[in-house]
Amino acid sequence: MLETFRGYNGGQLNLHALGIVVSLSGLLVVAPMLPEIIDYFGVSAAEAGVSISFMWACNAAAQFPGGRYSDRLSAGVVLLGSQGVMILGFLVLAVATTFPVFVAGLGLIGAGYGLFEPAGFVLLQTHFEENRGRAFGIRDAAVNLGSALSAVLAVAIVGTFSWRDAFVPVVVLLALVGAGTHRHNRGEYAVSRVALDPKAVCSRLFRERETYAVLVVMSVSMFLWQGSASFLPAYLQAVKSFSSFEATVAFASMFVVGMVVTPVAGALSDAWSPTGMGVAAMGFGVVGLSTLVLVDSPVGVGVGLVAYAVAITAIWPVMYVYLSDVLATETIGGDLGVLRTVYFAVGSLGPAYIGTAATRLGYTSAFASLLVGFGLAAIPLVWLGRR
């Protein structure tokens, strides 16, 4: 495992992972601060959910251009540009005093991160022909570390400072990561006009039935992830009688679990069937979410959260290993960008769905309804495994 971190390739992985940690700590800090943000702007849970859905919709819209530019120009160009867009978005959030300005800032950071992620996949695909599963696992461990740090950042801010102050350190650290990205880049910053040509990419990808199966798995998984994670602290406070601090710690614990699970899942996917591991992850999801909904004791809620965290974090390195094996190396950025545009677009509906369902039916019914999703994702995984 340690050799994955060493040398020039390891340095690129480390720097990219650090960028993920910083970006997501700012991107996801909105969720644990959502009760304060709702109170500050005087909006409903449904309106707050729609604003977060808008952020992820902007993320989805940027995925294909980010991947296509990374294929045709370089990952370095796209990584630097995406970090600049995110810095601007976090600055807007840091000064937002009205809800429309807040939503605009969310859109910018969503679009910036949408450019950032496919460029990172091209980077890892280029530098890791061997141990690719481990590299993706480490990348997803960084996703979970950044997510956990968002909760730590929220705990440090709420009750002491304005929620807007949470974005100031993110701006500073992201600027430092951008400087490091530039310093360690060995390639040239060639910028030219790039024809996106989504029709040609889609006609190639969607000739195969496997593409549709993969999209079902990843779209449903993203819907579950975005919907539940965005409102988990609010759910625990409203239904399980958690304090704000306890709910934030519980939120962070899911990502701590993910930090352990994702490297292991990625490494195992190098040796075992990725689709089989995906089915196992869906099973953990059913057990975890059922426990979380039905049990009220702190220990029971903790057990449910751990099992649920295994499910929604393990599926990503598993599926990325699968895709890296079946997608052509020379077009993986654009191909993955199209796929990510679709499943992030579907996933972006998750917060709006949970927010609206919670407003009309209550949080318990909203979260319980997500159980259907694990079955929907398991069916195509079984089919892919038999091909």
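Every chain begins its residue count from 1, and numbering advances along the sequence as written. Owing to the predicted nature of the model, reporting of local features is limited to residues with pLDDT of at least 70; listing and counting of side-chain atom pairs is limited to 80 or more, with chain, interface and lining totals taken over all residues. Hydrogens are left out, water is left out, and the side-chain values use all remaining heavy atoms of the structure.

- The protein chain carries the name Major Facilitator Superfamily protein in an unreviewed UniProt entry, which gives Haloferax massiliensis as its organism.
- UniProt positions are given in the numbering used here, feature names are shortened, and annotations may be inferred rather than shown by experiment. According to its UniProt record, the protein chain has this under Subcellular location (unreviewed entry): "Cell membrane".

Notes on the overall build of the protein chain
Okay, so step 1: A run of H or I in DSSP becomes a helix once it reaches four residues, and a run of E becomes a strand once it reaches two; helices and strands are each numbered from the N terminus. Within the protein chain, the secondary structure is distributed over 16 helices and 0 strands.
Okay, so step 2: With a 1.4 Å probe rolled over the protein chains alone, any residue whose accessible area is under 20% of its type maximum counts as buried; one over 50% counts as exposed, and the rest are partly exposed. Expressed as a percentage of the 387 residues in the protein chain, the buried residues total 59%.
Okay, so step 3: In this analysis, two residues are considered to be in contact whenever any of their non-hydrogen atoms come within 4.5 Å of each other. Counted over contacts in the protein chain with a minimum sequence separation of 6, partners at least 24 positions apart contribute 84%.
Okay, so step 4: For every accessible area listed, the method is Shrake-Rupley and the probe measures 1.4 Å; residues are considered covered only by the protein chains on display. Accessible surface, the protein chain: about 15100 Å² in total, of which carbon and sulfur atoms supply 66%.

Some points on empty space enclosed by the protein
Okay, so step 1: A cavity here means a set of points on a 1 Å grid, drawn over the protein atoms and nothing else, where a 1.4 Å probe fits but cannot get out; a pocket is an open set with protein on both sides within 12 Å along at least five of seven lines, and a residue lines either one if it has an atom within 4 Å of a point. Grid points are joined across faces, edges and corners, and a volume is the space filled by probe spheres set on the points. According to the stated counting rule, one finds 5 cavities of 30 Å³ or more in the structure shown.
Okay, so step 2: When its volume is computed, the largest cavity comes out at roughly 230 Å³.
Okay, so step 3: What lines the largest cavity is a set of 20 residues, and nearest its centre among them are Glu117, Arg139, Val143, Met222 and Trp225.
Okay, so step 4: When contributions to the lining of the largest cavity are tallied by element, the ones reaching two or more residues are helix 5 (99–127), helix 6 (132–157), helix 9 (209–239), helix 12 (298–326) and helix 13 (332–347).
Okay, so step 5: Each residue gets one of three labels, nonpolar for Ala, Val, Leu, Ile, Met, Phe, Trp, Tyr, Cys and Pro, charged for Asp, Glu, Lys and Arg, and polar for the others, Gly among them. Looking at the lining of the largest cavity residue by residue, the class counts come to 11 nonpolar, 5 polar and 4 charged.
Okay, so step 6: Residue assignment places the lining of the largest cavity across two domains, with domain 1 (1–196) and domain 2 (200–386) each supplying three or more. In this entry, domain limits derive from an automatic or database-based domain assignment.

Points about the packing of helix 9 against helix 14 (residues 349–361)
When two helices pack together, their arrangement is given by the angle between their axes and by how far apart the axes lie.
Okay, so step 1: Where helix 9 contacts helix 14, the axes come no closer than 7 Å and their chain directions differ by 50°. Taken together, helix 9 and helix 14 sit at an angle that is classed as oblique. Crossing handedness for the pair helix 9 and helix 14: right-handed. Every residue of helix 14 that contacts helix 9 at Phe223, Gln226, Gly227, Ser230 and Phe231 is listed here: Leu349, Gly350, Pro351, Tyr353, Ile354 and Gly355.
Okay, so step 2: Within the contact of helix 9 with helix 14, the residues separate by chemical class into 6 nonpolar, 5 polar and no charged. Lines fitted to C-alpha atoms define the axes, with helix axes restricted to the stretch in contact, and inter-axis angles between N-to-C directions lie between 0 and 180 degrees. Orientation categories follow fixed angle ranges, with anything under 35 degrees roughly parallel, anything over 145 roughly antiparallel, 65 to 115 roughly perpendicular, and all other angles oblique. Crossing handedness is read from the near helix: turned anticlockwise from the far helix by less than a right angle, it gives a left-handed crossing, and turned clockwise, a right-handed one.

Re the packing of aromatic side chains
Aromatic ring pairs are defined here through the distance separating the ring centres and the angle between the ring planes.
Okay, so step 1: Aromatic pairing here means that ring centres of Phe, Tyr or Trp (its six-membered ring) are within 6.5 Å. Orientation follows from the plane angle: under 30 degrees is stacked, over 60 is edge-to-face, and everything else is tilted. Under the criterion given, the structure shown has 16 aromatic pairs.
Okay, so step 2: Judged by centre distance (5.6 Å) and plane angle (65°), the ring pair of Phe41 and Trp163 falls under edge-to-face. Note that Phe41 is positioned in helix 2 (residues 34–41) and Trp163 in the loop between helix 6 and helix 7 (167–183), a separation of 122 residues in sequence. Comparing Phe41 with Trp163 shows no difference in burial state: the two are buried.
Okay, so step 3: On the numbers, 5.9 Å between centres and 85° between planes, the contact of Tyr308 with Phe374 is edge-to-face. Note that Tyr308 is positioned in helix 12 and Phe374 in helix 16 (residues 371–386), a separation of 66 residues in sequence. The same class applies to Tyr308 as to Phe374, namely buried.

Points about a nonpolar patch on the surface
Okay, so step 1: Only residues above 30% relative accessible area that lack a salt bridge enter a patch, with like-charged residues linked at up to 9 Å and the nonpolar side chains Val, Leu, Ile, Met, Phe, Trp and Tyr linked at up to 5 Å. Note on definitions: salt bridges are taken to be side-chain nitrogens of Lys or Arg within 4 Å of carboxyl oxygens of Asp or Glu. A grouping of Val168, Val172, Leu173 and Leu176 is seen on the molecular surface, where their side chains present a nonpolar patch of about 360 Å² in accessible area.
Okay, so step 2: Turning to its location among the elements, Leu176 is positioned in helix 7.
Okay, so step 3: Exposure remark for Leu176: the relative accessible area of 55% places this residue in the exposed category.

Considerations on the environment of Val143
Okay, so step 1: Relative to the helices and strands, Val143 resides in helix 6.
Okay, so step 2: Given the relative accessible area of 15%, Val143 is considered buried.

Structural notes on the side chain of Glu117
Okay, so step 1: As for its placement among the helices and strands, Glu117 is situated in helix 5.
Okay, so step 2: A residue is classified by how much of its surface remains accessible, and Glu117, at 6% relative accessible area, is buried.
Okay, so step 3: At 3.0 Å, the side chain of Glu117 and the side chain of Tyr113 are in polar contact.
Okay, so step 4: Once residues lying within four places of it in the same chain are set aside, the contact partners of Glu117 are Gln63, Arg139, Arg340 and Phe344. In the analysis that follows, any N or O atom pair within 3.5 Å is treated as a polar contact, provided that within protein one partner can donate a hydrogen and the other can accept it, and provided that, for residues neighboring in sequence, both atoms belong to side chains.

Here we look at the packing of helix 12 against helix 16
Okay, so step 1: Remark: helix 12 packs on helix 16, axes separated minimally by 14 Å, with the N-to-C direction vectors making an angle of 30°. In this structure, the crossing between helix 12 and helix 16 has a hand that is left-handed. Along the contact surface, helix 12 presents Tyr308, Ala311, Ile315, Met319 and Tyr322, while helix 16 presents Phe374, Leu381 and Leu384.
Okay, so step 2: When grouped by side-chain class, the residues that make up the contact of helix 12 with helix 16 number 8 nonpolar, no polar and no charged.

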